[in-house]
Amino acid sequence: ESGSERILKLLKNNTATVEDNQRACDLTNKFGIKVNGQFIFGTPSETREDIEMTIDFIKRNRFSHINTAVATPLPRTPLWQMAKEQGFINESQNMDWSKFAVTYGLSGVNIYINKNIPEKDFIKLMHRIQKLRNSINHPIGPLHYSIYVFLLKILNKLKRTFIHLKAKFSLTRD
């Protein structure tokens, strides 16, 4: 989804509007149904203004959870064809399929198919969007969530170390 009418027309072939999505959010919230938002960023003709409209749409609605993704051209899709036509994909070259991630990692490994926003600026926008997403998906607060993630990483490292030692010394649980 998007908060930009222009981008929705591109992605949804005129089957959804921002008004339709707003009405759906309003009704589901009115009746106590949780709303999960799915938002795609970085489509070929998207502008900063389009992204800001989507951010505003997210902020003015009550979502229980949101997912964000970078527009990733997958073979045999209209987005693939559009990316080929605009020179982002050359099928005759060896394709680096590791760049075809549909979820967005801040490492910038996704194929980037937008000529309107420099990739460096897009990554900064996605950092902002990720913070917004985290504030919705993890309402305990960004600092508390950061501590939580840090502790999880430590626990996972300890678990891997224990598994390694167990295998090395044939340890068993008693």
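What counts and how
- Residues numbered from 1 in each chain as written.
- Predicted model: local features only at pLDDT ≥ 70, side-chain atom pairs only at ≥ 80, totals over all residues.
- Heavy atoms only, no water.
- Core = buried A, V, L, I, M, F, W, Y, C linked by side-chain atoms within 4.5 Å.
- Buried < 20%, exposed > 50% of the residue type's maximum accessible area, 1.4 Å probe, protein only.
- Helix = DSSP H or I, 4+ residues; strand = E, 2+ residues; numbered from the N terminus.
- Polar contact = N/O pair within 3.5 Å; in protein donor to acceptor, adjacent residues only side chain to side chain.
- Right-handed = clockwise from strand over helix to strand, strands pointing away.
- Pairing = 2+ DSSP bridges.
- pLDDT = per-residue confidence, 0-100.
- Contact = heavy atoms within 4.5 Å.
- Phe/Tyr/Trp six-rings, centres within 6.5 Å; stacked < 30°, edge-to-face > 60°.
- Lys NZ or Arg CZ within 6 Å of the ring centre and 35° of its normal.

**Looking at the nonpolar core**
Turning to step 1, where the next piece is worked out: Of all hydrophobic cores here, the largest spans 21 residues; its most connected members are Phe39, Phe41, Ile51, Ile58, Phe63 and Phe122.
Turning to step 2, where the next piece is worked out: Elements supplying a minimum of two residues to this core: α2 (18-30), β1 (36-41), α3 (48-60), β2 (65-70) and α5 (119-137).
Turning to step 3, where the next piece is worked out: Element by element, the count of residues in this core is highest for α5, at 6 residues.

**Some remarks on the side chain of Ser4**
Turning to step 1, where the next piece is worked out: Within the secondary structure layout, Ser4 lies in the segment before α1 (5-12).
Turning to step 2, where the next piece is worked out: In terms of polar contacts, Ser4 uses its side chain to reach the side chain of Asp50, at 2.7 Å.

**Considerations on the pairing of β1**
Walk down a regular strand and you will see the side chains alternate between the two sheet faces.
Turning to step 1, where the next piece is worked out: The alternating pattern of β1 places Gly37, Phe39 and Phe41 on a buried face and Asn36, Gln38 and Ile40 on a face that is not buried.
Turning to step 2, where the next piece is worked out: The parallel pair β1 and β2, bridged by α3, forms a crossover whose chirality is right-handed.

**A word on the pairing of β2**
Turning to step 1, where the next piece is worked out: Both β1 and β2 contribute to a ladder of 6 bridges, which runs parallel. Each residue of the ladder has a partner; that of Ile40, found in β2, is Ala69.

**Details of the confidence of the model for the protein chain**
Close inspection of predicted coordinates is inappropriate for parts of the model with low pLDDT.
Turning to step 1, where the next piece is worked out: Mean pLDDT over the protein chain works out to 83, with 81% of the residues at or above the 70 mark.
Turning to step 2, where the next piece is worked out: Per-residue pLDDT, averaged within each element of the protein chain, yields its smallest value for helix α6 (residues 142-169) (76) and its largest for α3 (97).

**As for the environment of Asn21**
Turning to step 1, where the next piece is worked out: With respect to the secondary-structure elements, Asn21 resides in helix α2.
Turning to step 2, where the next piece is worked out: Not counting the four nearest positions on each side in its chain, Asn21 is found in contact with Glu1, Ser2, Leu8 and Phe57.

**Here we look at the packing of aromatic side chains**
Turning to step 1, where the next piece is worked out: Applying the stated rule across the entire model yields 4 aromatic pairs.
Turning to step 2, where the next piece is worked out: Aromatic pair Phe39 and Phe63: ring centres 5.6 Å apart, planes at 90°, arrangement edge-to-face. Placement of the pair is Phe39 in strand β1 and Phe63 in the loop between α3 and β2, with a sequence separation of 24 residues.
Turning to step 3, where the next piece is worked out: In this structure Phe39 comes out as buried when scored by relative accessible area, which is 3%.
Turning to step 4, where the next piece is worked out: An aromatic cluster is defined as three or more aromatic residues linked by ring pairs; in this entry it consists of Phe39, Phe57 and Phe63.
Turning to step 5, where the next piece is worked out: The cationic tip of Lys115 hangs over the ring face of Phe88; the distance from NZ or CZ to the ring centre is 5.5 Å.

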